[in-house]
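The lines below spell out each chain.
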Amino acid sequence: AQTVTQSQPEMSVQEAETVTLSCTYDTSENNYYLFWYKQPPSRQMILVIRQEAYKQQNATENRFSVNFQKAAKSFSLKISDSQLGDTAMYFCAFMKQTGANNLFFGTGTRLTVIP
Amino acid sequence: GAVVSQHPSWVICKSGTSVKIECRSLDFQATTMFWYRQFPKQSLMLMATSNEGSKATYEQGVEKDKFLINHASLTLSTLTVTSAHPEDSSFYICSAEKLVGKSYNEQFFGPGTRLTVL
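The structure reproduced in this document is the subject of the present report.

1. Side note on the overall build of chain A
Next up, step 1: When you go through chain A residue by residue, the secondary structure sums to zero helices and twelve strands.
Next up, step 2: Along chain A, helices and strands appear, N-terminal first, in the series β-β-β-β-β-β-β-β-β-β-β-β.
Next up, step 3: In summary, chain A has a C-alpha radius of gyration of 14 Å against a globular reference of 13 Å for 115 residues, a match within 12%.
Next up, step 4: Judged by the C-alpha coordinates and their principal axes, chain A covers about 45 × 25 × 20 Å.
Next up, step 5: Here chain A holds 115 residues, and 48% of them are scored as buried.
Next up, step 6: Taking the contacts inside chain A whose residues are at least 6 apart along the sequence as the reference set, 56% of them involve residues at least 24 apart.
Next up, step 7: Surface accessibility of chain A: about 5,500 Å² in total, with carbon and sulfur atoms responsible for 45%.
Next up, step 8: Of the charged side chains in chain A, 10 are positive and 9 negative; the average position of the first set lies 7 Å away from that of the second.

Below you can see the structure in the form of structure tokens.
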């Protein structure tokens, strides 16, 4: 079974500063995907970034980047130059590469960007 | 694009009645759709996987006779909450799977449906 753990229920960051959200996971799979999703107050789930486990290079998407440590089963999200629109719930998620494409979500981190 | 819609966006019903929620992939075909449930301030919990033309696969603890899923076409899956009770009040989110690139299936999420059972 796969489990995803987010140990930070809430975080805050000053506008324009950098913040890092933590995520750890447990799996016996060797090939899989990891994701960070954003859920703003509208409740619409938005994919922020995706990482393939077989890639050593950390994924980046503009102001968003990850620190993927496969051996440690750690997958943190760094948000640079935080903006007010980044205020949202952030969910870390896991998906196997083969077989059922179920997404396993962490419990989420509520991020507040302070003006 | 990959847009997924849900209808209705919110619904209030009386205890004992049934409610149908639709999930549509608007600009792509989806063999597989997923139904999630999200309680306030909690994460998304997968309820079932909906496969076009076959029976849905339910997660452990989800009553298949209470949460009826029908995936009648490649663009539509429906979730019917039968004999709804107040404890079924929740936010229901669907996602539709689309092949992106050569081998990766990404889930695109609908905007969710808020169900309140009185």
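2. Considerations on the sheet that holds strand β8 (residues 76-81) of chain B
All names here are of chain B.
Next up, step 1: An order of β1-β3-β8-β7 is seen for the four strands of this open sheet, with the pairing classed as antiparallel. Among the strands making up the open sheet, the edge pair consists of β1 (4-7) and β7 (67-73). The sheet shows a mean angle of 15° between the axes of neighbouring strands, direction not considered.
Next up, step 2: In this sheet, strand β3 (residues 19-25) lies alongside β1 in antiparallel orientation, the contact comprising four bridges. By the bridge assignment, Ser 5 is partnered in β3 with Arg 24.

3. Quick word on the interface of chain B and chain A
Next up, step 1: Contacts between the two partners involve 22 residues from chain B, matched on the other side by 19 residues from chain A.
Next up, step 2: Both faces considered, chain B and chain A share a buried interface measuring about 1,600 Å² in area, 49% of it formed by carbon and sulfur atoms.
Next up, step 3: Among the residues chain B hides against chain A, the three largest losses belong to Ser 43, Tyr 104 and Phe 109 of chain B. Together they make up 32% of the total.
Next up, step 4: Counting across the interface, chain B meets chain A through one salt bridge.
Next up, step 5: Between Glu 106 of chain B and Arg 50 of chain A there is a salt bridge whose closest N-O contact spans 3.7 Å.
Next up, step 6: Here chain B and chain A share six residue pairs in polar contact (both at pLDDT 80 or more) between them.
Next up, step 7: For the side of chain B that touches chain A, the secondary-structure elements that each account for two or more residues are β4 (32-38), β5 (44-51), β9 (90-100) and β10 (104-109) of chain B.
Next up, step 8: Here the side of chain B that touches chain A takes five residues from β10 of chain B, the largest share from any one element.
Next up, step 9: Of the residues assigned to the side of chain B that touches chain A, the class counts are nine nonpolar, eight polar and five charged.

4. What about the state of the cysteines?
Disulfide: a covalent bond connecting the sulfur atoms of a pair of cysteines.
Next up, step 1: On inspection of all chains with the given rule, the structure shows two disulfides over all chains.
Next up, step 2: Paired through a disulfide, Cys 23 of chain A and Cys 92 of chain A show a sulfur-sulfur distance of 2.0 Å. Classification of the bridge connecting Cys 23 of chain A and Cys 92 of chain A rests on its S-S torsion, roughly -70°, and on that basis the disulfide is left-handed. Of this pair, Cys 23 of chain A sits in the loop between β3 (19-21) and β4 (24-26) while Cys 92 of chain A is found in strand β10 (residues 88-96), placing the two residues 69 residues apart along the sequence. One exposure class covers both Cys 23 of chain A and Cys 92 of chain A, and it is buried.
Next up, step 3: In this model, Cys 23 of chain B is linked to Cys 94 of chain B through a disulfide, with the two sulfur atoms separated by 2.0 Å. With the S-S dihedral at roughly 80°, the linkage between Cys 23 of chain B and Cys 94 of chain B falls on the right-handed side.

5. Observations regarding the pattern of salt bridges
Residue and element names in this part refer to chain B.
Next up, step 1: For the structure shown, the criterion picks out seven salt bridges over all chains.
Next up, step 2: One salt bridge in this structure joins Asp 88 and Lys 66, with 2.9 Å as the shortest N-O distance. In this pair, Asp 88 sits in the loop between β8 and β9 while Lys 66 sits in the loop between β6 (57-58) and β7, placing the two residues 22 residues apart along the sequence.
Next up, step 3: The class of Asp 88 is buried, set by a relative accessible area of 4%.
Next up, step 4: Owing to a relative accessible area of 12%, Lys 66 belongs among the buried residues under this scheme.

Procedures and definitions
Counting starts from 1 at the beginning of each chain's written sequence and moves along it residue by residue. The order in which chains are written sets their letters, starting at A; the order in which ligands are written sets their numbers, starting at 1. Only residues with pLDDT of 70 or above have their local features reported here, since the model is predicted, and side-chain atom pairs are shown and tallied only from 80 upward, although totals for entire chains, interfaces and linings are computed over all residues. Excluded from the side-chain calculation are hydrogens and water; included are all heavy atoms of the structure. Secondary structure counts use DSSP, requiring at least four H or I residues in a row for a helix and at least two E residues in a row for a strand, with both numbered from the N terminus. Between the two quantities, the radius of gyration covers C-alpha atoms and the globule rule is 2.2 Å times the number of residues to the power 0.38. Exposure categories follow from relative accessible area, calculated using a 1.4 Å probe and restricted to protein chains: below 20% of the type maximum is buried, above 50% is exposed, and the middle band is partly exposed. Here a residue-residue contact requires only that any non-hydrogen atoms of the pair lie within 4.5 Å. Note on areas: these come from Shrake-Rupley sampling with a 1.4 Å probe, and a residue is covered only by the protein chains present in the view. For this count, His and the chain ends are skipped, Lys and Arg are scored as positive, and Asp and Glu as negative. The atom standing in for a charge is NZ when the residue is Lys, CZ when it is Arg, CG when it is Asp and CD when it is Glu. Pairs of strands are assigned from DSSP output, requiring at least two bridges between the strands. Each axis is a line fitted through C-alpha atoms, and for a helix only the stretch in contact is used; angles between axes span 0 to 180 degrees, taken between their N-to-C directions. Put simply, buried area is how much 1.4 Å-probe accessible surface two parts lose in total, over both of them, once they are put together. Whenever Lys or Arg places a side-chain nitrogen within 4 Å of a carboxyl oxygen from Asp or Glu, that contact is recorded as a salt bridge. Polar contact is defined as a pair of N or O atoms within 3.5 Å, subject to the rule that within protein one atom must be able to donate a hydrogen and the other to accept it, and that residues adjacent in sequence are counted only when both atoms are side-chain atoms. The nonpolar class holds Ala, Val, Leu, Ile, Met, Phe, Trp, Tyr, Cys and Pro. Asp, Glu, Lys and Arg form the charged class, and all remaining residues, Gly among them, are polar. Defined by distance alone, a disulfide is two cysteine sulfur atoms within 2.5 Å.

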